[in-house]
Amino acid sequence: MAKGKRLILLGAPGVGKGTQAIRLAELMKWPQVSTGDMLRDNVRSSTPLGLQAKFFMDKGELVPDELIVQMVSERLSRPDCKTGFILDGFPRTVTQAEKLDEVLMRLGVKLDAVVSIEVPTETIVERLSQRLVCQQCGYVVQKNDGLKIGDRCPRCPGSISRRKDDEPETIRRRLQVYEEQTRSLIR
Ligand code: ADP
Ligand code: ZN
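Values in this document were obtained by computation on a predicted structure and should not be read as measured data.

Looking now at the site of ligand 1. Inspection of the region around ligand 1 gives 19 residues, with Thr 35, Arg 40, Glu 61, Gln 96 and Arg 174 positioned closest. Taking Lys 17, its side chain carries an N or O atom lying 3.2 Å from an oxygen atom of ligand 1. For ligand 1, an oxygen atom lies 2.7 Å from a polar atom in the side chain of Arg 174. It is helix H2 (residues 35-44) that provides the largest number of residues to the shell around ligand 1, a total of four residues. Residues belonging to the shell around ligand 1 are distributed by class as follows: seven nonpolar, four polar and eight charged.

The next subject is the side chain of Thr 19. Summarising the element assignment, Thr 19 is placed in helix H1 (residues 17-28). Excluding residues within four positions of it along the chain, Thr 19 makes contact with Val 140 and Gln 142.

This next bit is on the packing of helix H6 (residues 121-130) against helix H7 (residues 168-186). As a packed pair, H6 and H7 sit with axes 10 Å apart at the nearest point and diverge in direction by 140°. It follows from the interaxial angle that H6 and H7 lie oblique. For the pair H6 and H7, the crossing hand works out as right-handed. Contacts from Thr 121, Ile 124, Val 125, Leu 128 and Ser 129 of H6 reach H7 at Ile 171, Arg 174 and Leu 175.

Bringing unusual backbone geometry into the picture now. Most of the time, phi is negative for any residue but glycine, and the peptide bond is trans. Residue Phe 90 is joined to Pro 91 through a cis peptide bond whose omega torsion reads -5°. Structurally, the position occupied by Pro 91 is in the loop between strand S3 (85-88) and helix H5 (94-107). Phi is positive for Lys 29, which is not a glycine, with a value near 65°. Tracing the sequence through the fold places Lys 29 in the loop between H1 and strand S2 (32-34).

An order of S2-S3-S1-S4 is seen for the four strands of this open sheet, with the pairing classed as parallel. A strand with exactly one partner marks an edge of an open sheet, and here the two such strands are S2 and strand S4 (113-116). Pairwise comparison of adjacent strand axes, ignoring direction, gives a mean angle of 20° for this sheet. Contacting S2 and S3, H2 runs over the sheet at an angle of about 65° to S2.

Conventions adopted
Residues numbered from 1 in each chain as written. Chains lettered and ligands numbered in written order. Predicted model: local features only at pLDDT ≥ 70, side-chain atom pairs only at ≥ 80, totals over all residues. Heavy atoms only, no water. Near = heavy atom within 4 Å. Polar contact = N/O pair within 3.5 Å; in protein donor to acceptor, adjacent residues only side chain to side chain. Helix = DSSP H or I, 4+ residues; strand = E, 2+ residues; numbered from the N terminus. Nonpolar A, V, L, I, M, F, W, Y, C, P; charged D, E, K, R; others polar. Contact = heavy atoms within 4.5 Å. Axes fitted to C-alpha atoms, helices over the stretch in contact; angles between N-to-C directions. Parallel < 35°, antiparallel > 145°, perpendicular 65-115°, else oblique. Left-handed = near helix turned anticlockwise from the far one by under 90°. Pairing = 2+ DSSP bridges.

Here you go:
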């Protein structure tokens with residue numbers, strides 16, 4: 001097994017963070033920790049966290065920091081994250097980054113790298129408005145998969161659909177939220 005690494009993937013919605021995180025995770029055997037996927041799991045199974053998060057997610061707004069930090073802290077404390085992990089979609093605010101520092105300190109580990117993926121806005125809007133994903137595992141359908149809505153996912157028993165927040169108005173709001181709340185994190 002490859003030696004572990006602790007990475008953060010940053011980037012606006014639709015730059016391909018999730019796709020790259022899944023590829024890296026499969027190749028290197030590090031767990032992918034996607035806060036978006038974790039939240040969608042919670043929404044699907046109607047947990048108390050899911051019920052609270054859905055309200056924000058459907059509008060393209062960020063879920064409050066306290067909820068997210070608690071969820072990530074628990075996830076990173078599990079044994080499979082001991083040797084490494086890929087954070088995908090977290091942190092997204094300066095407060096989340098500061099809280100992540102505390103979690104890493106408590107676990108006695110350090111980050112190896114932060115990668116920011118940059119893609120022009122027009123490309124992002126075009127991609128997201130056409131994007132199809134697996135409801136269950138978050139797999140993003142690639143052009144040569146030839147899959148359509150309702151088909152079975154190539155990686156799990158889930159089915160292919162469009163994300164509710166991939167509608168033009170919500171996409172615009174998510175990009176605005178990224179500029180307002182996440183861009184400053186890169187500095
Ligand atoms: P994208 O990067 O395409 O917007 P994600 O799957 O990462 O998609 O996130 C979907 C939604 O989940 C976000 O719009 C937000 O509501 C919520 N979310 C995910 N990660 C976070 C986070 N770290 N902080 C706050 N909200 C989050
Ligand atoms: Zn799937």
